[in-house]
Amino acid sequence: MKDKHIISLIENTSFGSISESDLETIKTHAAECNSCESAFAAARLAFVMLQERSAETFEPSPFFQTRVMAHLRESQAASTWSWDRIWRAAGALASSMVATVAALAVLTFVIPESPSSADLLEGTSARNAYSAEEVILNPGDLLDEQASDGLVLTTLYDAAEDTVK
């Protein structure tokens with residue numbers, strides 16, 4: 001082993017995992033070879049420094065922790081959806097939609113039908129025995145009553161005059 005240098009052994013294994021027999025071999029060779037002795041001393045020093053550094057705990061300053069926590073709270077508060085933010089964005093639209101539905105419901109169910117429109121409907125149906133829709137959609141009912149050609153033409157022309165006016 002005296003002809004072989006121990007640098008490869010030191011480089012390939014960590015200092016903490018070197019076995020006792022390898023450690024004795026390294027120490028005996030390092031006593032005879034100056035370059036191997038300096039490599040062994042450097043490896044031992046690096047191992048001790050790494051152990052000391054890993055044992056040391058790093059605590060951030062209280063000011064840093066306060067700033068980081070404040071920033072985290074701020075970002076979490078900005079990213080959450082709340083009903084207040086949604087209402088501010090769409091409140092006017094939702095309110096106008098509800099008001100429109102309520103107005104239409106009042107106009108449909110609460111306010112009674114005006115008599116003038118009812119009189120107009122009764123006058124039209126009394127004057128025309130058949131409407132144009134009834135002639136087109138239910139022709140079988142007309143054939144049963146044997147309506148004259150004159151009555152059919154009068155009904156159609158009266159319906160056409162009502163739409164023009």
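Residues numbered from 1 in each chain as written. Predicted model: local features only at pLDDT ≥ 70, side-chain atom pairs only at ≥ 80, totals over all residues. Heavy atoms only, no water.

Chemist: Give a detailed account of the confidence of the model for the protein chain, specifying residues and quantitative values.
Modeler: Per-residue confidence for the protein chain gives a mean pLDDT of 77, with 76% of residues at or over 70. Model confidence for the protein chain, summarised as mean pLDDT per element, is weakest for helix α6 (residues 115–127) at 51 and strongest for helix α5 (residues 83–110) at 89. (pLDDT = per-residue confidence, 0-100. Helix = DSSP H or I, 4+ residues; strand = E, 2+ residues; numbered from the N terminus.)

Chemist: Could you give an account of helix α3 (residues 34–55), naming the residues involved and the relevant values?
Modeler: Note that an α-helix has 3.6 residues per turn; residues three or four places apart therefore point the same way. Between its terminal C-alpha atoms α3 stretches 32 Å, which fits the 32 Å expected from 22 residues at 1.5 Å a residue. Restricting attention to buried positions, one finds in α3 the residues Cys36, Phe40 and Ala43. Looking down the long axis of α3, one finds its buried residues gathered within 60° of arc, a one-sided arrangement. Exposed residues on α3 whose side chains face more than 90 degrees from its buried face are Asn34, Leu45, Met49, Glu52 and Arg53. Packing partners of the buried residues in α3 comprise α1 (7–12) and α2 (20–32). (Expected span 1.5 Å × (residues − 1). Buried < 20%, exposed > 50% of the residue type's maximum accessible area, 1.4 Å probe, protein only. Arc of directions from axis to C-beta. Contact = heavy atoms within 4.5 Å.)

Chemist: Could you give an account of the nonpolar core, naming the residues involved and the relevant values?
Modeler: Counting residues in each nonpolar core, the largest one holds nine residues, listed as Ile6, Ile10, Ile18, Leu23, Ile26, Cys33, Cys36, Phe40 and Ala43. Put simply, the parts of the chain that give this core at least two residues each are α2 and α3. Broken down by element, this core gets its largest block of residues, three residues, from α3. (Core = buried A, V, L, I, M, F, W, Y, C linked by side-chain atoms within 4.5 Å.)

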